[in-house]
Structures are given as structure tokens and as C-alpha cells.
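Structural features, examined
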Amino acid sequence: MTTQNNRPDSVSVRVPATAANLGPGFDSIGIAVDLWSELTVAHGPFEVVIEGDGADVLPRDEGNLVVSGARAAYEARGAEFPGLKFRCENGIPFARGLGSSSAAIVSGIVAGFALQGDGTDPEEALELAAEIEGHPDNVAPAILGGCQIGVKNGGGWITSQVSIPDDLHAVILIPDFVGETSEARGVLGDEVTRADAVYNIGRAALLANALSTGRLDLLKHATEDRLHQPQRAGIYKGLNTIIKAALTGGAHGAFLSGAGPSVMAFATEHEYTVAYEMTEAARLHGIDASTRVVRPTTRGAHLIESPGDGAN
Ligand code: HSE
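Residues numbered from 1 in each chain as written. Predicted model: local features only at pLDDT ≥ 70, side-chain atom pairs only at ≥ 80, totals over all residues. Heavy atoms only, no water.

Here we take up unusual backbone geometry. Backbone torsion omega between glycine 260 and proline 261 reads 10°, so that peptide bond is classified as cis. For proline 261, the position within the fold is in the loop between strand E10 (253-256) and strand E11 (263-267). Within the chain, aspartate 27 stands out as a residue other than glycine whose phi angle is a positive 60°. With respect to the secondary-structure elements, aspartate 27 resides in the loop between strand E3 (10-19) and strand E4 (29-43). (Helix = DSSP H or I, 4+ residues; strand = E, 2+ residues; numbered from the N terminus.)

Written as C-alpha cells, this is what we have:
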């Protein structure tokens, strides 16, 4: 990397996958996991090169979210958006409810600030990314790592980190089809009953307490939801069966990851049994899927010296 006036010619950023809507935390609570995408941005004629997940369908023009993120970082400084070459190495499954869009936006923002010689202020990055994405539950953990609660306060966002037990694993069932967030939001009504609001409020508080105090026995109920999962079970056939199968396999709790279609389970043992049970349940519903067993990561988006050297 060469520099001119403290402005590097190129930067590389690593950003984690995230599961939004953690249990009852619809649009509010998300968690970062140890699955990463990398973005390298260099000065030069505009170009978007994509390798890895989604390479066959993602746009290679200004419509790519890495470009939107970088542009937002330049606009935030009142600077002209220069010619930039973007190289994406996508390790995060594309459009599966694992925060690939947020990761793209966040990596573009972090790279955009770095190319201007600036560090990334997490609060500013969150404002910019949530503005593009519309909600904070993926972008907050993508920027900050860990399990993050994000709430809107007037025009801004407040985040708070929930500590996670060291031995927690995330078992992720990743169906072989993509989910459309717009379709998955389209099935949600605008109103909820008081009973459903109470159901989720209590469980969201229970979830934060269960994770931060290590009361994993509470997770079965603390990951339940009535604000989006029942509605989305209509488009993701087999969701409830897959969640039950995860619990049968030994998971503490399981939930739809983001807007789906992936399902995430929390386990501290028997992770591969959990993965097997989830896969079998999916197969019975005609769903082919892969699984990943990963740990949550407390590390969020960060610059790396050169692609590939950013391992935690
Ligand atoms: N909270 C969002 C949703 C996550 O469920 O629609 C997906 O972007």
C-alpha cells in the first residue's frame, strides 16, 4: 500500500456475516459470526470485480452496495467521489439472511473513509449504513462485532453490546435458494396485537439476560418470536420443523436468521448433531441446504494490510 498525504492508494477491509432479528429482536438485535467477506478498493478507473458468493448475480455497476457505501463515506466528508476499483471476495453467503448486503455497505463505508485518510467512527458508520439499509440489526454487529442491540432515537441510533458466553457456537442451516428481503418484509402486517408485543418484549429482555449471564437454558424461550417468524414461516416451508429439529439435536435455541432463508441455532455441544438434524428436517421439506458451524465474533469490520492476513 503506498500513501500520498496519508491517503492510501488502496485499502482492504474484512467484514463479518451477521444474523439479524435475533429471536424476538426483530429489526433490533443482531449478532456477528466468524464468516467473512473482503473488499479491496484502489484508485483507478471505475470497476467492480466480484469473486465468491453471488458473483454470478451481483451488479458490477454503481448499483453494487460496496459502491453505495464508499460513496456515502465521501459524501459525508463533502468530497468528490473519485474513480475507484472495487474487488469483492465474498465469503458471506449471498441473500441467505446472513447480512451480505450490510457487509457490502459497511465494507464500502470503511474503505471510503480509509481512502480519505480517515479512520471509521463507528457511530457515523452506523448512521450512514443504517440510512442505506433501513434498519440497524445487521449493520451494527457488522461494524462493531458481537451481539448488538440497536434502537432508533429520533434521527440517530443507539447501540449496546450484549456479552456472549465463550463456548457458544452458531450452527447455521443455509438453504440453496436465495431469499428476497422485500418479499419477506411484504408478508409482515403493519400492526401487532398487545399480546404479541408483550410476548416479544419479555423474550427480548430474557434473551439479553440469558446471553450475558450464561443462562443458556433460557434460550429455548428467549429465541421465540411472534413478530416475523410465524408470518415468514408461510414463505419458508419447514421453518418450524427445522427449529424443532435443532432443539431435538441439542441446540439451546434456534431462529430464522434475518429475513431468511437461513436458520441459526445456538449450541455449546453436539453442534454437528444439531447440523445433521436441521439438514434432515430441511430435506423432508424438499429443501437442499448446507450447514456451517461457526463461533460468534466480537470483531467487527476492520482494515487489513493485505487480503488474506486478517484472521482473528
Ligand atoms: N430486520 C430485517 C428484516 C433484516 O427482517 O427484514 C433483513 O434485512
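Attention now goes to the pattern of salt bridges. The final tally for this structure, using the stated rule, is 12 salt bridges. The residue glutamate 280 makes a salt bridge to arginine 283 at a minimum N-O spacing of 2.7 Å. With glutamate 280 and arginine 283 both in helix H10 (residues 271-284) and three residues apart, the pair spans about one turn of that helix. On the basis of relative accessibility, which here comes to 23%, the residue glutamate 280 falls in the partly exposed class. When salt bridges with common partners are traced through the structure, they connect Glu51, Arg87 and Glu89 into a single cluster. (Salt bridge = Lys/Arg side-chain N within 4 Å of Asp/Glu carboxyl O. Buried < 20%, exposed > 50% of the residue type's maximum accessible area, 1.4 Å probe, protein only.)

For the rest of this paragraph, the subject is the domain arrangement of the protein. What the domain assignment reports for the protein is domain 1 (10-162 + 297-304) and domain 2 (169-294). In this structure, domain 1 and domain 2 have C-alpha centres spaced 24 Å apart. Taken residue by residue, the interface counts 23 residues in domain 1 and 36 residues in domain 2. The contact between domain 1 and domain 2 buries some 2,100 Å² in all, and 70% of this surface belongs to carbon and sulfur atoms. Of all residues in domain 1, the largest losses of buried area upon contact with domain 2 belong to Pro24, Phe26 and Arg96, amounting jointly to 32% of the total for that side. For the pair domain 1 and domain 2, the number of links is one salt bridge. With a shortest N-O distance of 2.7 Å, aspartate 27 and arginine 185 are connected by a salt bridge. Our enumeration of links across domain 1 and domain 2 arrives at 10 residue pairs in polar contact (both at pLDDT 80 or more). (Domains from an automatic or database assignment. Contact = heavy atoms within 4.5 Å. Buried area = accessible area lost by both parts, 1.4 Å probe. Polar contact = N/O pair within 3.5 Å; in protein donor to acceptor, adjacent residues only side chain to side chain.)

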